[in-house]
There are 2 protein chains.
Amino acid sequence: MSLARVHNFSVSLDGFGTGEGLSLEAPFGHAGHRLHEWMFATRWGRSELLGQPGGSAGIDDALARKSTPGIGAEIMGAGKFGPPGWHEDPEWKGWWGPNPPFHTPTFILTHHRRPSIEMGGGTTFHFIDASPTDTLETARKAAGDQDVRIGGGPTMVRDFVTAGLVDHMHIVVVPILLGRGVRVWDGLEGLETGYDVETVSSPSGVTHVTFSRAAV
Amino acid sequence: MSLARVHNFSVSLDGFGTGEGLSLEAPFGHAGHRLHEWMFATRWGRSELLGQPGGSAGIDDALARKSTPGIGAEIMGAGKFGPPGWHEDPEWKGWWGPNPPFHTPTFILTHHRRPSIEMGGGTTFHFIDASPTDTLETARKAAGDQDVRIGGGPTMVRDFVTAGLVDHMHIVVVPILLGRGVRVWDGLEGLETGYDVETVSSPSGVTHVTFSRAAV
(Lines give C-alpha, C1' and ligand atoms only; values in the text may rest on other atoms or scores of the structure.)
Protein backbone atom coordinates (compact mmCIF):
# COMPACT_ATOMS: atom_id res chain seq x y z
CA MET A 1 0.00 0.00 0.00
CA SER A 2 1.25 3.47 -0.90
CA LEU A 3 1.18 5.80 2.09
CA ALA A 4 0.96 9.57 2.26
CA ARG A 5 3.64 10.75 4.70
CA VAL A 6 4.61 14.03 6.31
CA HIS A 7 8.18 14.24 7.60
CA ASN A 8 10.32 16.79 9.42
CA PHE A 9 7.49 19.26 9.57
CA SER A 10 8.50 21.87 12.13
CA VAL A 11 6.11 24.00 14.12
CA SER A 12 6.62 26.48 16.90
CA LEU A 13 5.30 25.76 20.38
CA ASP A 14 2.40 28.06 19.53
CA GLY A 15 1.59 26.07 16.42
CA PHE A 16 2.94 28.11 13.52
CA GLY A 17 4.46 26.22 10.60
CA THR A 18 5.90 29.33 9.04
CA GLY A 19 6.27 32.97 10.02
CA GLU A 20 4.76 36.16 8.69
CA GLY A 21 6.20 38.23 5.82
CA LEU A 22 7.45 35.53 3.46
CA SER A 23 9.73 36.83 0.72
CA LEU A 24 12.62 35.87 -1.52
CA GLU A 25 15.02 36.93 1.22
CA ALA A 26 12.98 35.35 4.00
CA PRO A 27 11.40 32.07 2.87
CA PHE A 28 9.95 31.54 6.35
CA GLY A 29 9.28 35.20 7.09
CA HIS A 30 10.11 36.44 10.56
CA ALA A 31 10.66 32.84 11.67
CA GLY A 32 13.98 32.89 9.85
CA HIS A 33 15.78 29.55 10.17
CA ARG A 34 14.65 28.95 13.74
CA LEU A 35 12.13 26.25 12.90
CA HIS A 36 14.71 24.18 11.01
CA GLU A 37 17.97 24.64 12.91
CA TRP A 38 17.46 21.24 14.50
CA MET A 39 17.46 19.62 11.04
CA PHE A 40 20.51 21.41 9.72
CA ALA A 41 22.37 20.32 12.84
CA THR A 42 21.91 16.63 12.03
CA ARG A 43 24.32 14.52 10.02
CA TRP A 44 21.56 13.91 7.49
CA GLY A 45 20.71 17.61 7.17
CA ARG A 46 24.32 18.64 6.76
CA SER A 47 25.01 16.00 4.17
CA GLU A 48 21.78 16.07 2.18
CA LEU A 49 20.77 19.69 2.46
CA LEU A 50 24.02 21.59 2.94
CA GLY A 51 26.59 19.27 1.36
CA GLN A 52 28.72 19.51 4.48
CA PRO A 53 30.29 16.92 6.78
CA GLY A 54 29.58 16.50 10.46
CA GLY A 55 26.38 16.88 12.39
CA SER A 56 24.58 15.06 15.16
CA ALA A 57 23.87 11.35 14.87
CA GLY A 58 21.22 10.80 17.52
CA ILE A 59 17.47 10.97 17.64
CA ASP A 60 17.04 14.07 15.48
CA ASP A 61 19.18 12.50 12.78
CA ALA A 62 17.42 9.15 12.96
CA LEU A 63 13.99 10.72 12.56
CA ALA A 64 15.09 13.22 9.91
CA ARG A 65 16.45 10.54 7.63
CA LYS A 66 13.19 8.59 7.71
CA SER A 67 11.90 11.19 5.26
CA THR A 68 13.55 9.66 2.19
CA PRO A 69 13.32 5.85 1.98
CA GLY A 70 10.26 4.53 0.20
CA ILE A 71 9.21 7.90 -1.20
CA GLY A 72 8.38 7.90 -4.92
CA ALA A 73 6.88 11.38 -5.30
CA GLU A 74 6.32 14.61 -3.38
CA ILE A 75 3.44 17.03 -3.32
CA MET A 76 4.09 20.57 -2.10
CA GLY A 77 2.06 23.73 -1.79
CA ALA A 78 2.70 26.78 -3.93
CA GLY A 79 4.07 28.60 -0.91
CA LYS A 80 6.87 26.07 -0.49
CA PHE A 81 7.97 26.29 -4.12
CA GLY A 82 8.76 29.99 -4.10
CA PRO A 83 8.14 33.40 -2.56
CA PRO A 84 4.80 35.13 -3.05
CA GLY A 85 4.46 35.97 -6.75
CA TRP A 86 6.90 33.34 -8.05
CA HIS A 87 4.37 32.39 -10.71
CA GLU A 88 4.93 35.76 -12.36
CA ASP A 89 8.58 34.83 -13.01
CA PRO A 90 8.75 32.35 -15.91
CA GLU A 91 12.34 31.49 -14.95
CA TRP A 92 11.59 30.51 -11.34
CA LYS A 93 12.60 26.91 -10.69
CA GLY A 94 12.36 26.71 -6.90
CA TRP A 95 14.74 27.61 -4.10
CA TRP A 96 17.00 24.62 -4.40
CA GLY A 97 19.27 25.21 -7.42
CA PRO A 98 19.88 22.73 -10.25
CA ASN A 99 19.82 19.62 -8.03
CA PRO A 100 16.83 19.85 -5.66
CA PRO A 101 16.71 17.47 -2.69
CA PHE A 102 13.59 15.62 -3.87
CA HIS A 103 14.96 13.18 -6.49
CA THR A 104 11.44 12.15 -7.56
CA PRO A 105 8.49 13.58 -9.47
CA THR A 106 7.41 16.59 -7.42
CA PHE A 107 3.94 18.07 -7.77
CA ILE A 108 3.39 21.74 -6.98
CA LEU A 109 -0.18 22.71 -6.13
CA THR A 110 -0.90 25.99 -7.89
CA HIS A 111 -3.63 27.77 -9.77
CA HIS A 112 -0.92 28.94 -12.19
CA ARG A 113 -0.02 25.91 -14.23
CA ARG A 114 3.07 25.78 -16.42
CA PRO A 115 5.01 23.09 -18.29
CA SER A 116 6.90 20.55 -16.23
CA ILE A 117 10.56 21.26 -15.47
CA GLU A 118 13.14 18.50 -15.41
CA MET A 119 15.84 19.27 -12.87
CA GLY A 120 19.01 17.40 -11.93
CA GLY A 121 19.18 14.40 -9.64
CA GLY A 122 15.86 12.89 -10.65
CA THR A 123 13.60 15.76 -9.61
CA THR A 124 10.91 16.82 -12.09
CA PHE A 125 8.57 19.64 -11.11
CA HIS A 126 4.97 19.22 -12.23
CA PHE A 127 2.39 21.95 -11.72
CA ILE A 128 -1.07 20.81 -10.80
CA ASP A 129 -4.36 22.50 -9.95
CA ALA A 130 -6.54 19.84 -8.34
CA SER A 131 -8.11 18.72 -5.07
CA PRO A 132 -5.95 16.99 -2.45
CA THR A 133 -7.57 13.65 -3.28
CA ASP A 134 -7.01 13.95 -7.03
CA THR A 135 -3.50 15.31 -6.58
CA LEU A 136 -2.58 12.40 -4.32
CA GLU A 137 -3.95 9.95 -6.87
CA THR A 138 -1.84 11.54 -9.59
CA ALA A 139 1.25 11.52 -7.39
CA ARG A 140 0.69 7.89 -6.43
CA LYS A 141 0.70 6.89 -10.07
CA ALA A 142 3.95 8.77 -10.58
CA ALA A 143 5.39 7.10 -7.48
CA GLY A 144 4.76 3.58 -8.73
CA ASP A 145 4.15 1.47 -5.68
CA GLN A 146 6.02 3.83 -3.40
CA ASP A 147 4.82 6.37 -0.87
CA VAL A 148 4.06 10.05 -1.44
CA ARG A 149 5.59 12.74 0.71
CA ILE A 150 3.24 15.55 1.72
CA GLY A 151 5.85 18.26 1.69
CA GLY A 152 4.19 21.34 3.19
CA GLY A 153 3.78 24.22 3.86
CA PRO A 154 1.35 24.33 6.74
CA THR A 155 -1.75 25.16 4.73
CA MET A 156 -1.44 22.21 2.38
CA VAL A 157 -0.49 19.84 5.21
CA ARG A 158 -3.64 20.93 7.03
CA ASP A 159 -5.72 20.49 3.85
CA PHE A 160 -4.44 16.95 3.30
CA VAL A 161 -4.88 16.00 6.95
CA THR A 162 -8.39 17.45 7.00
CA ALA A 163 -9.24 15.39 3.93
CA GLY A 164 -8.17 12.27 5.84
CA LEU A 165 -5.41 11.49 3.38
CA VAL A 166 -2.34 11.45 5.63
CA ASP A 167 -1.18 8.08 6.98
CA HIS A 168 1.97 9.13 8.81
CA MET A 169 2.86 12.55 10.14
CA HIS A 170 6.12 13.49 11.85
CA ILE A 171 5.85 16.90 13.49
CA VAL A 172 8.74 18.62 15.22
CA VAL A 173 7.77 21.08 17.93
CA VAL A 174 10.42 23.76 18.37
CA PRO A 175 10.24 25.52 21.76
CA ILE A 176 9.90 29.04 20.41
CA LEU A 177 6.86 31.30 20.25
CA LEU A 178 6.45 32.83 16.80
CA GLY A 179 3.24 34.65 17.67
CA ARG A 180 2.16 35.04 14.04
CA GLY A 181 2.33 33.27 10.72
CA VAL A 182 0.42 30.27 9.41
CA ARG A 183 -1.07 27.87 11.96
CA VAL A 184 -0.92 24.15 11.34
CA TRP A 185 -3.50 22.89 13.81
CA ASP A 186 -6.58 24.95 13.07
CA GLY A 187 -9.73 22.92 12.48
CA LEU A 188 -8.16 19.57 13.44
CA GLU A 189 -10.02 18.92 16.70
CA GLY A 190 -9.78 15.30 17.77
CA LEU A 191 -7.20 14.38 15.12
CA GLU A 192 -5.36 12.16 17.62
CA THR A 193 -8.25 9.72 17.83
CA GLY A 194 -7.48 8.41 14.34
CA TYR A 195 -3.80 7.83 14.99
CA ASP A 196 -1.29 6.26 17.29
CA VAL A 197 0.63 9.21 18.72
CA GLU A 198 4.17 8.95 20.03
CA THR A 199 6.10 11.82 21.57
CA VAL A 200 9.80 12.03 22.29
CA SER A 201 11.96 15.01 23.11
CA SER A 202 15.53 15.40 21.97
CA PRO A 203 18.57 16.84 23.77
CA SER A 204 18.47 19.53 21.07
CA GLY A 205 15.31 20.89 22.68
CA VAL A 206 12.80 19.92 20.02
CA THR A 207 10.04 17.38 20.54
CA HIS A 208 9.14 14.86 17.87
CA VAL A 209 5.46 13.96 17.65
CA THR A 210 4.59 11.11 15.33
CA PHE A 211 1.03 10.40 14.24
CA SER A 212 0.62 7.05 12.52
CA ARG A 213 -2.61 5.44 11.54
CA ALA A 214 -3.48 2.53 13.76
CA ALA A 215 -4.16 0.39 10.71
CA VAL A 216 -0.86 1.16 8.96
CA MET B 1 13.73 36.40 46.57
CA SER B 2 10.08 35.44 46.21
CA LEU B 3 9.35 33.94 42.79
CA ALA B 4 6.12 33.78 40.83
CA ARG B 5 5.74 30.20 39.60
CA VAL B 6 3.40 28.35 37.26
CA HIS B 7 3.22 24.57 37.75
CA ASN B 8 1.45 21.64 36.11
CA PHE B 9 -0.22 23.90 33.61
CA SER B 10 -1.56 21.64 30.89
CA VAL B 11 -2.18 22.68 27.31
CA SER B 12 -3.23 20.75 24.25
CA LEU B 13 -0.85 20.36 21.32
CA ASP B 14 -2.79 23.14 19.62
CA GLY B 15 -2.30 25.45 22.58
CA PHE B 16 -5.59 25.44 24.47
CA GLY B 17 -5.44 25.61 28.25
CA THR B 18 -9.11 24.80 28.65
CA GLY B 19 -11.94 23.77 26.38
CA GLU B 20 -15.14 25.45 25.27
CA GLY B 21 -18.43 25.36 27.14
CA LEU B 22 -17.29 25.56 30.76
CA SER B 23 -20.00 24.71 33.28
CA LEU B 24 -20.62 23.25 36.73
CA GLU B 25 -20.72 19.79 35.18
CA ALA B 26 -17.77 20.42 32.85
CA PRO B 27 -15.13 22.59 34.57
CA PHE B 28 -12.88 22.30 31.50
CA GLY B 29 -15.68 22.28 28.94
CA HIS B 30 -15.38 19.85 26.05
CA ALA B 31 -11.78 19.14 27.11
CA GLY B 32 -13.16 17.01 29.95
CA HIS B 33 -10.35 15.54 32.03
CA ARG B 34 -8.07 14.92 29.08
CA LEU B 35 -5.66 17.75 29.88
CA HIS B 36 -5.07 16.48 33.41
CA GLU B 37 -5.15 12.70 33.18
CA TRP B 38 -1.35 12.67 33.29
CA MET B 39 -1.46 14.39 36.71
CA PHE B 40 -4.10 12.17 38.27
CA ALA B 41 -2.05 9.17 37.19
CA THR B 42 0.92 10.23 39.31
CA ARG B 43 1.54 9.18 42.88
CA TRP B 44 1.37 12.84 43.89
CA GLY B 45 -1.88 13.46 42.07
CA ARG B 46 -3.55 10.38 43.48
CA SER B 47 -2.45 11.17 47.00
CA GLU B 48 -2.90 14.94 47.09
CA LEU B 49 -5.82 15.42 44.75
CA LEU B 50 -7.78 12.17 44.93
CA GLY B 51 -6.82 10.81 48.34
CA GLN B 52 -6.02 7.46 46.78
CA PRO B 53 -2.96 5.20 46.89
CA GLY B 54 -0.84 4.18 43.94
CA GLY B 55 0.16 6.09 40.87
CA SER B 56 3.28 6.55 38.79
CA ALA B 57 6.53 7.57 40.42
CA GLY B 58 8.61 8.73 37.46
CA ILE B 59 9.12 11.98 35.64
CA ASP B 60 5.47 13.13 35.68
CA ASP B 61 5.33 12.59 39.42
CA ALA B 62 8.65 14.32 40.05
CA LEU B 63 7.63 17.42 38.13
CA ALA B 64 4.08 17.49 39.49
CA ARG B 65 5.23 17.54 43.09
CA LYS B 66 7.49 20.53 42.48
CA SER B 67 4.31 22.59 42.60
CA THR B 68 4.06 22.67 46.39
CA PRO B 69 7.36 23.26 48.21
CA GLY B 70 8.19 26.90 48.85
CA ILE B 71 4.77 28.22 47.90
CA GLY B 72 3.26 30.67 50.39
CA ALA B 73 0.25 31.90 48.41
CA GLU B 74 -1.67 31.26 45.21
CA ILE B 75 -3.33 33.60 42.75
CA MET B 76 -6.01 32.21 40.49
CA GLY B 77 -8.35 33.63 37.87
CA ALA B 78 -12.09 33.81 38.40
CA GLY B 79 -12.55 31.07 35.83
CA LYS B 80 -10.59 28.60 37.93
CA PHE B 81 -12.56 29.27 41.10
CA GLY B 82 -15.93 28.31 39.71
CA PRO B 83 -18.16 27.87 36.70
CA PRO B 84 -19.40 30.93 34.79
CA GLY B 85 -21.72 32.88 37.10
CA TRP B 86 -20.36 31.51 40.40
CA HIS B 87 -20.29 35.05 41.77
CA GLU B 88 -24.10 35.07 41.72
CA ASP B 89 -24.13 32.21 44.24
CA PRO B 90 -23.26 33.59 47.71
CA GLU B 91 -22.64 30.03 48.94
CA TRP B 92 -20.05 29.09 46.28
CA LYS B 93 -16.74 28.19 47.91
CA GLY B 94 -14.84 26.66 44.99
CA TRP B 95 -14.77 23.19 43.46
CA TRP B 96 -12.63 21.56 46.08
CA GLY B 97 -14.83 20.91 49.12
CA PRO B 98 -13.99 21.86 52.71
CA ASN B 99 -10.24 21.12 52.41
CA PRO B 100 -8.94 22.66 49.17
CA PRO B 101 -5.49 21.57 47.92
CA PHE B 102 -3.90 25.01 48.32
CA HIS B 103 -3.14 25.18 52.07
CA THR B 104 -2.14 28.86 51.83
CA PRO B 105 -3.77 32.24 51.32
CA THR B 106 -5.35 32.02 47.86
CA PHE B 107 -6.29 35.15 45.92
CA ILE B 108 -9.10 34.99 43.39
CA LEU B 109 -9.01 37.68 40.72
CA THR B 110 -12.57 38.88 40.24
CA HIS B 111 -14.55 42.03 39.65
CA HIS B 112 -17.09 40.66 42.16
CA ARG B 113 -15.43 41.03 45.52
CA ARG B 114 -16.78 39.34 48.63
CA PRO B 115 -15.54 38.69 52.16
CA SER B 116 -12.68 36.26 52.59
CA ILE B 117 -13.54 32.62 53.30
CA GLU B 118 -11.47 30.53 55.66
CA MET B 119 -11.47 26.90 54.54
CA GLY B 120 -9.88 23.80 56.07
CA GLY B 121 -6.24 22.83 55.80
CA GLY B 122 -4.82 26.33 55.80
CA THR B 123 -6.56 27.65 52.68
CA THR B 124 -8.17 31.08 52.91
CA PHE B 125 -9.87 32.48 49.82
CA HIS B 126 -9.43 36.21 49.29
CA PHE B 127 -11.22 38.06 46.49
CA ILE B 128 -9.26 40.79 44.79
CA ASP B 129 -9.85 43.15 41.90
CA ALA B 130 -6.46 44.55 40.93
CA SER B 131 -3.78 44.50 38.23
CA PRO B 132 -1.44 41.50 37.96
CA THR B 133 1.39 43.57 39.44
CA ASP B 134 -0.61 44.79 42.42
CA THR B 135 -2.15 41.38 43.00
CA LEU B 136 1.26 39.74 43.02
CA GLU B 137 2.51 42.31 45.51
CA THR B 138 -0.42 41.57 47.79
CA ALA B 139 0.08 37.82 47.47
CA ARG B 140 3.80 38.16 48.16
CA LYS B 141 3.07 39.92 51.43
CA ALA B 142 0.69 37.13 52.40
CA ALA B 143 3.31 34.55 51.42
CA GLY B 144 5.95 35.95 53.73
CA ASP B 145 9.26 35.21 52.10
CA GLN B 146 7.89 32.35 50.08
CA ASP B 147 6.96 32.05 46.43
CA VAL B 148 3.59 32.71 44.84
CA ARG B 149 1.91 30.17 42.60
CA ILE B 150 0.25 31.58 39.49
CA GLY B 151 -2.57 29.08 39.40
CA GLY B 152 -4.36 29.60 36.08
CA GLY B 153 -6.55 29.43 34.05
CA PRO B 154 -4.99 30.27 30.73
CA THR B 155 -6.13 33.87 30.51
CA MET B 156 -4.61 34.90 33.83
CA VAL B 157 -1.41 32.94 33.16
CA ARG B 158 -1.07 34.80 29.87
CA ASP B 159 -1.77 38.12 31.60
CA PHE B 160 0.91 37.53 34.23
CA VAL B 161 3.44 36.29 31.67
CA THR B 162 2.72 39.26 29.41
CA ALA B 163 3.31 41.58 32.35
CA GLY B 164 6.76 40.00 32.80
CA LEU B 165 5.91 38.75 36.27
CA VAL B 166 6.47 35.00 35.91
CA ASP B 167 9.86 33.60 36.96
CA HIS B 168 9.24 29.90 36.45
CA MET B 169 6.67 28.23 34.23
CA HIS B 170 6.09 24.49 33.92
CA ILE B 171 3.85 23.72 30.96
CA VAL B 172 2.64 20.24 30.12
CA VAL B 173 1.82 19.66 26.47
CA VAL B 174 -0.77 16.91 26.06
CA PRO B 175 -0.79 15.37 22.57
CA ILE B 176 -4.45 16.02 21.82
CA LEU B 177 -6.04 18.62 19.57
CA LEU B 178 -8.85 20.46 21.32
CA GLY B 179 -9.58 22.75 18.40
CA ARG B 180 -11.35 25.35 20.53
CA GLY B 181 -11.28 26.88 23.96
CA VAL B 182 -8.92 29.41 25.52
CA ARG B 183 -5.45 29.72 24.00
CA VAL B 184 -2.45 30.17 26.27
CA TRP B 185 0.18 31.39 23.83
CA ASP B 186 -1.50 34.30 22.07
CA GLY B 187 0.53 37.48 22.06
CA LEU B 188 3.66 35.92 23.57
CA GLU B 189 5.96 36.10 20.55
CA GLY B 190 9.60 35.66 21.51
CA LEU B 191 8.84 34.67 25.10
CA GLU B 192 11.60 32.06 25.02
CA THR B 193 14.31 34.70 24.73
CA GLY B 194 13.82 35.75 28.34
CA TYR B 195 14.02 32.23 29.74
CA ASP B 196 16.04 29.05 29.81
CA VAL B 197 13.77 26.49 28.20
CA GLU B 198 14.02 22.78 28.87
CA THR B 199 11.88 20.15 27.21
CA VAL B 200 11.42 16.53 28.18
CA SER B 201 8.82 14.01 27.13
CA SER B 202 7.41 11.35 29.39
CA PRO B 203 6.47 7.75 28.71
CA SER B 204 2.91 8.87 29.51
CA GLY B 205 2.92 10.80 26.23
CA VAL B 206 2.98 14.33 27.62
CA THR B 207 5.88 16.73 27.17
CA HIS B 208 7.06 18.93 29.99
CA VAL B 209 8.34 22.36 28.93
CA THR B 210 9.98 24.41 31.66
CA PHE B 211 10.66 28.12 31.28
CA SER B 212 12.94 29.51 33.96
CA ARG B 213 14.43 32.95 34.06
CA ALA B 214 18.13 32.93 33.29
CA ALA B 215 18.78 35.09 36.34
CA VAL B 216 16.83 32.94 38.74
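Scroll up to find the structure this text is about.
Attention in this report is confined to the structure presented alongside it. Note that this is a predicted model, so its numbers are computed, not measured.

## Description of the overall build of chain A
Okay, so step 1: Along the backbone of chain A there are six helices and 11 strands.
Okay, so step 2: Over its C-alpha atoms chain A spans a radius of gyration of 16 Å, differing by no more than 12% from the 17 Å that the globule rule assigns to 216 residues.
Okay, so step 3: Summarising its shape, the C-alpha atoms of chain A cover approximately 45 × 40 × 35 Å along the three principal directions.
Okay, so step 4: Here chain A holds 216 residues, and the buried ones make up 50% of them.
Okay, so step 5: Sequence-distant contacts, at least 24 apart, represent 64% of the contacts inside chain A between residues at least 6 apart.

## Looking at the sheet that holds strand β5 (residues 117-118) of chain B
Two modes of strand pairing occur in sheets, parallel and antiparallel, and in both the strands are linked by backbone hydrogen bonds.
Residues and elements named next belong to chain B.
Okay, so step 1: Within the open sheet, the nine strands sit side by side as β5-β6-β4-β3-β7-β1-β8-β11-β10. Their pairing is mixed. Bordering the open sheet on either side are β5 and β10 (195-201), each of which pairs with just one other strand.
Okay, so step 2: Lying on the sheet, helix α6 (residues 154-162) is in contact with β1 (4-12), β3 (71-77), β4 (105-109), β7 (147-150) and β8 (168-174); it crosses β3 at an angle near 115°.

## Structural notes on the packing of aromatic side chains
Okay, so step 1: In this structure the tally under the stated criterion is 22 aromatic pairs over all chains.
Okay, so step 2: Where Y195(B) meets F211(B), the ring centres are 5.8 Å apart and the plane angle is 90°; that geometry is what we call edge-to-face. In this pair, Y195(B) sits in strand β10 while F211(B) sits in strand β11 (residues 207-213), placing the two residues 16 residues apart along the sequence.
Okay, so step 3: Among the residues examined, Y195(B) registers a relative accessible area of 9% and is labelled buried.
Okay, so step 4: On the basis of relative accessibility, which here comes to 1%, the residue F211(B) falls in the buried class.
Okay, so step 5: An aromatic cluster is present here, built from F81(A), W86(A), W96(A), F102(A), F125(A) and F127(A) joined pairwise through their rings.
Okay, so step 6: The lysine or arginine in question, R114(A), covers the ring of F127(A), its NZ or CZ lying 5.8 Å from the ring centre.

## Overview of the interface of chain A and chain B
Okay, so step 1: Every contact between the two is made by 27 residues of chain A and, on the other side, 27 residues of chain B.
Okay, so step 2: Summed over the three residues of chain A that lose the most area to chain B, namely L13(A), L177(A) and E189(A), the buried surface amounts to 31% of that side.
Okay, so step 3: A salt bridge links D186(A) to R183(B); the nearest nitrogen and oxygen atoms lie 3.5 Å apart.
Okay, so step 4: For the pair chain A and chain B, the interface holds 11 residue pairs in polar contact (both at pLDDT 80 or more).
Okay, so step 5: Secondary-structure elements contributing two or more residues to the side of chain A that touches chain B are β10 (195-201) and β11 (207-213) of chain A.
Okay, so step 6: Per element, the largest residue contribution to the side of chain A that touches chain B is four residues, and it comes from β10(A).
Okay, so step 7: Split into classes, the residues belonging to the side of chain A that touches chain B amount to 13 nonpolar, seven polar and seven charged.

Conventions we followed
- Residues numbered from 1 in each chain as written.
- Chains lettered and ligands numbered in written order.
- Predicted model: local features only at pLDDT ≥ 70, side-chain atom pairs only at ≥ 80, totals over all residues.
- Heavy atoms only, no water.
- Helix = DSSP H or I, 4+ residues; strand = E, 2+ residues; numbered from the N terminus.
- Rg over C-alpha atoms; globule rule 2.2 N^0.38 Å.
- Buried < 20%, exposed > 50% of the residue type's maximum accessible area, 1.4 Å probe, protein only.
- Contact = heavy atoms within 4.5 Å.
- Pairing = 2+ DSSP bridges.
- Axes fitted to C-alpha atoms, helices over the stretch in contact; angles between N-to-C directions.
- Phe/Tyr/Trp six-rings, centres within 6.5 Å; stacked < 30°, edge-to-face > 60°.
- Lys NZ or Arg CZ within 6 Å of the ring centre and 35° of its normal.
- Buried area = accessible area lost by both parts, 1.4 Å probe.
- Salt bridge = Lys/Arg side-chain N within 4 Å of Asp/Glu carboxyl O.
- Polar contact = N/O pair within 3.5 Å; in protein donor to acceptor, adjacent residues only side chain to side chain.
- Nonpolar A, V, L, I, M, F, W, Y, C, P; charged D, E, K, R; others polar.

Any link to function would need more than the numbers given here.
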